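Listed here are the chains, written in short residue letters.
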Amino acid sequence: MTMSPHEVQAYVLTYLEALDCQIMERSPAHVTVKLSPEADKALTNRPYYWGFVERTGAPAETMSFTFIFDPDSYQQAIEAAEAKVAQASPSVLPNPDGTNRVANGSPQVEPPKETILGRYFGITPSLPQLGPGRILREEVVYGSRRLQQIFGAAREGGAFVNLFEQAAKRQLRATAPAVYEPWLGVCFKVEFACDLKREELHFLGISLRSGEIIEKFGTKLNRRDLSPRLAENMHVQTAKVSLFDAGAALESHLTNRLLELDYSWAEKAQERLDLELDVLDTYYEAVLREDTPEVESPGNIISDTENVQSDRTPPAPLKKVLDITNAKPIGADVELAAEAAVPIDSETDAEEEKAKQAVIDREAMKLQYETRRTEMIWQYEPKVKVTAISSGMFHLR
């Protein structure tokens, strides 16, 4: 699922207009807007600033943005405007006396005045414009961070609404008040997912007076003028069906509709899943059973080492330190026994490390196999997911 630049622009403009943002400039490729306080709180992530404004009562200064929906077209428009300005502006030629004169008989232009900072530090670059007059520039395309933020803000702000149908002018002058009928409307998103994915939107409405359920409830609302303000000379009827029972009735109605659909796609997806799992099981079964060099267990290695050490004959004890003057040099047999003990210990350590590494590698391979199998099931297993993305109370005549 994707959105074209035109669809992204239409969605963003609808959101900005719904929050009473001020549109300053607009073209097919971009829009420059000054955010309203509500939009600024939702999009700029400045909680400390708005906390200060609310505590002190200071006038709020919202931020301004240039949202670019088609970067290529916008860049071409900028370059064309700059080229047009360059052609319209006269060329400036230097004079020998240090002043500037303008070609084509245009009046002379005064040279830039010297500043104090420029006198001591040379040419000083212009500082960036900060504060309320600054306009930030961002590309808002499908998949961008800003568009995802607008999606989230619209979803959070419009998750539930309470709207009233506006009465005609003659009703305001009528002697008897008109009666509103309360309706609960819920927009469900249904996802049919396997290794492929399809989504559907079902907007259902139920009357809280009679329990009547209407499909395509949005079509019924599009023909009416709705407002969050209760109109004058209007009366709201008391609901006979609770919100809990109404929500359960809508869910039951949607479930029955989904049961009537064709699910041959799910059977094919399950066949593909079984095939992929068979290939995966066969591969890892061969890897886990492949011939590996036989490695003795650490217990056997330790026992063999103890046997070797027990078979050795201990060297003859030396005389005490007091009698060392009469002691003879160490014999050749004792020296050979000491030298033979060194390679036996190093070989034992190598065998132990080899055995530990073999166990670690096998456990890592098993964990990899379980992870791949879980991912394969998540990707190919057919499933139907239903989510309520928005809802509201609609008081209609």
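Located above this text is the structure these notes cover.
These figures come from a predicted structure and were not determined experimentally.

## Details of the overall build of the protein chain
- Counting its secondary structure elements, the protein chain contains 12 helices and 13 strands.
- A buried classification covers 25% of the 397 residues belonging to the protein chain.
- Partitioning the intrachain contacts of the protein chain with sequence separation of at least 6 by distance along the chain shows that 71% fall at a separation of at least 24.
- When the accessible area of the protein chain is evaluated, it comes to approximately 28100 Å², of which 55% is carbon and sulfur surface.

## With respect to the pattern of salt bridges
- Taken as a whole and assessed by the stated rule, the structure comprises 12 salt bridges.
- Across the pair Asp40 and Arg46 runs a salt bridge whose closest N-O atoms are separated by 3.0 Å.
- Overall, Asp40 belongs to the buried group, its relative accessible area being 0%.
- Each of Lys189, Glu191, Lys197 and Glu199 takes part in one network of salt bridges that share partners.

## Concerning the side chain of Ser207
- With respect to the secondary-structure elements, Ser207 resides in strand E9 (residues 197–207).
- The exposure class of Ser207 is buried, given its relative accessible area of 0%.
- At 2.5 Å, the side chain of Ser207 forms a polar contact with the side chain of Glu181.

## A word on helix H3 (residues 47–56)
- Within H3 the residues assigned to the buried category are Trp50, Gly51 and Val53. For H3, the angular spread of the buried residues around the axis is 160°, confining them to a single face. Of the exposed residues in H3, the ones pointing more than 90 degrees away from its buried face are Tyr48 and Arg55.
- Looking at the buried positions of H3, the neighbouring elements they touch are helix H2 (37–43).
- Looking one or two residues beyond H3, the residue adopting positive phi is Gly57, at roughly 75°.

Each value, and the rule that gives it
Residues numbered from 1 in each chain as written. Predicted model: local features only at pLDDT ≥ 70, side-chain atom pairs only at ≥ 80, totals over all residues. Heavy atoms only, no water. Helix = DSSP H or I, 4+ residues; strand = E, 2+ residues; numbered from the N terminus. Buried < 20%, exposed > 50% of the residue type's maximum accessible area, 1.4 Å probe, protein only. Contact = heavy atoms within 4.5 Å. Areas by Shrake-Rupley, 256 points an atom, 1.4 Å probe, with all protein chains shown as cover. Salt bridge = Lys/Arg side-chain N within 4 Å of Asp/Glu carboxyl O. Polar contact = N/O pair within 3.5 Å; in protein donor to acceptor, adjacent residues only side chain to side chain. Arc of directions from axis to C-beta.

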